[in-house]
Amino acid sequence: MAKEITTTACVISGGSVDALAKRIADGLGGMLIRAEVRVFADGESKLRLREGEIVKGGRAVIVQSLYPPVDTNLLRVLCLISKAREYTQDVTAVIPYMGYARQDSEFLPGEIITMKVLGKLIREAGAAKVVVVDIHSAKGLELLGAEATNVSAVPALARRFAGMRLENPVAISPDKGGSERAGLFASNMGCSLIVLEKSRDRRTGAVNITTKEAGAVRGRDVIIVDDMISTGGSIVKAAEFLKGQNSNRIFVACTHALLVDGAEDKITKAGVEKIVSANTIQDRAGSETVDVSGEIIGALNRQQT
Ligand code: R5P
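These figures come from a predicted structure and were not determined experimentally. (Residues numbered from 1 in each chain as written. Predicted model: local features only at pLDDT ≥ 70, side-chain atom pairs only at ≥ 80, totals over all residues. Heavy atoms only, no water.)

Attention shifts here to the pairing of strand β2 (residues 31-34). In terms of strand pairing, strand β1 (residues 10-13) meets β2 through four bridges, oriented parallel. The partner of C10 across the bridge, within β2, is M31. In this fold, β1 hands off to helix α1 (residues 18-28), which returns the chain to β2; that crossover is right-handed. (Pairing = 2+ DSSP bridges. Helix = DSSP H or I, 4+ residues; strand = E, 2+ residues; numbered from the N terminus. Right-handed = clockwise from strand over helix to strand, strands pointing away.)

So, about the sheet that holds strand β15 (residues 272-278). To summarise the sheet geometry, strands pair through backbone hydrogen bonds and adopt either a parallel or an antiparallel arrangement. Pairing is parallel across the open sheet formed by six strands, whose spatial order is β10-β9-β13-β14-β15-β16. With one partner strand each, in any of the chains shown, β10 (192-195) and β16 (288-290) form the two edges of the open sheet. Strand-to-strand twist in this sheet, taken as the mean axis angle between neighbours without regard to direction, amounts to 30 degrees. Pairing between β15 and β16: three bridges, direction parallel. Considered in β16, the bridge of A278 is made with V290. Strand contacts of helix α6 (residues 179-189): β9 (170-173), β10, β13 (222-229) and β14 (250-257), with the helix running at about 135 degrees to β13, the strand carrying the most contacts. (Axes fitted to C-alpha atoms, helices over the stretch in contact; angles between N-to-C directions. Contact = heavy atoms within 4.5 Å.)

What follows covers the site of the ligand. Around the ligand, the surrounding shell holds 13 residues, and the nearest of these are R102, D226, D227, T231 and S234. T231 has a polar side-chain atom sitting 2.6 Å from an oxygen atom of the ligand. A distance of 3.5 Å is found between an oxygen atom of the ligand and a backbone nitrogen or oxygen belonging to G233. Compared with its free state, where it exposes 380 Å², the ligand has 87% of that area covered by protein. Elements represented by at least two residues in the shell around the ligand include exactly β13 and α7 (233-244). Looking at which element gives the most residues to the shell around the ligand, the answer is β13, with four residues. Residue classes in the shell around the ligand are distributed as two nonpolar, six polar and five charged. (Near = heavy atom within 4 Å. Polar contact = N/O pair within 3.5 Å; in protein donor to acceptor, adjacent residues only side chain to side chain. Areas by Shrake-Rupley, 256 points an atom, 1.4 Å probe, with all protein chains shown as cover. Nonpolar A, V, L, I, M, F, W, Y, C, P; charged D, E, K, R; others polar.)

With that settled, consider α6. Listed as buried for α6 are R181, A182, F185, A186 and M189. Taken end-on, α6 shows its buried residues confined to a sector of 140 degrees, consistent with a single buried face. Set apart from the buried face of α6 by more than 90 degrees, the exposed residues are E180 and S187. On its buried face, α6 sits against α5 (154-162), β9, β10, β13 and β14. Just downstream of α6, G190 is the residue with a positive phi angle, here 75 degrees. (Buried < 20%, exposed > 50% of the residue type's maximum accessible area, 1.4 Å probe, protein only. Arc of directions from axis to C-beta.)

The next thing to look at is the side chain of S13. Tracing the sequence through the fold places S13 in strand β1. On the basis of relative accessibility, which here comes to 1%, the residue S13 falls in the buried class. A polar atom in the side chain of S13 sits 2.6 Å from the side chain of D18.

This next bit is on the pattern of salt bridges. In this structure the tally under the stated criterion is 14 salt bridges. Close ionic contact of R34 with D18 constitutes a salt bridge, the shortest N to O distance being 2.6 Å. Of this pair, R34 sits in strand β2 while D18 is found in helix α1, placing the two residues 16 residues apart along the sequence. Here the salt bridges share partners, and the residues they tie into one network are E36, R48 and R50. (Salt bridge = Lys/Arg side-chain N within 4 Å of Asp/Glu carboxyl O.)

This is how it looks when you write it as structure tokens:
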């Protein structure tokens, strides 16, 4: 029989952001449980919460980011939610990097709105509440359900840049969709904002960038603010455009630095001096990080009141 432990909160780490899960557990004054994970030769994961660590009737907080291997990490978070739900009704999923959030609309006829499916799966597995960090869009958050909270790493990122010596800095949003996020960065840093106009061919993926404020970045240090870097394609395009406009040094502030497919090299070659991101992705060499555990703990505390 499993030993029952009563505690304020039981934070269960699925392994993808273990260090962040530990900070969250410490901040909540709770207990950290690291799920035991075995991977079979065919790729299946088998998870286990060891006997004596299972919380009953308390609060369970599952922590897992959905970066590559995305589907594996997704399945693991669903399994952990489901297992925790057997012991308590109070299950919250903290998914710092919410993968699939860009799939929030039917851009081409027949496309699946994957975020809608994920919202259903997470709720059905047993998590009534969700906390995410800088989710790609408000629509994605809505699809997660009523009790989903988004917190932002942007003020922490802005604080990091405010501590650097920069030449007449300006925050750059690489597209209109990110203008609110970059605006938040600019106001926290006390600098101006330029929103680039990016268009993407949905079939070929080809990207084109323009701005109505030609010449405004000349001789200035620029900070491109984005929610995420995956392959680095968007940042490379923006950096090349800004160089062409005779900007000075180029920096990137992004929440989720997935940096797949040699992204860091491509970004460096495009002239970016430094990337600063949040600790929503584990062990990402090539990016300095800021800690977002305080924001997550704040949201978890607010959800309980
Ligand atoms: C786009 O709307 C997003 O905010 C990111 O800019 C983009 O998805 C990053 O992907 P990648 O690094 O592959 O260009």
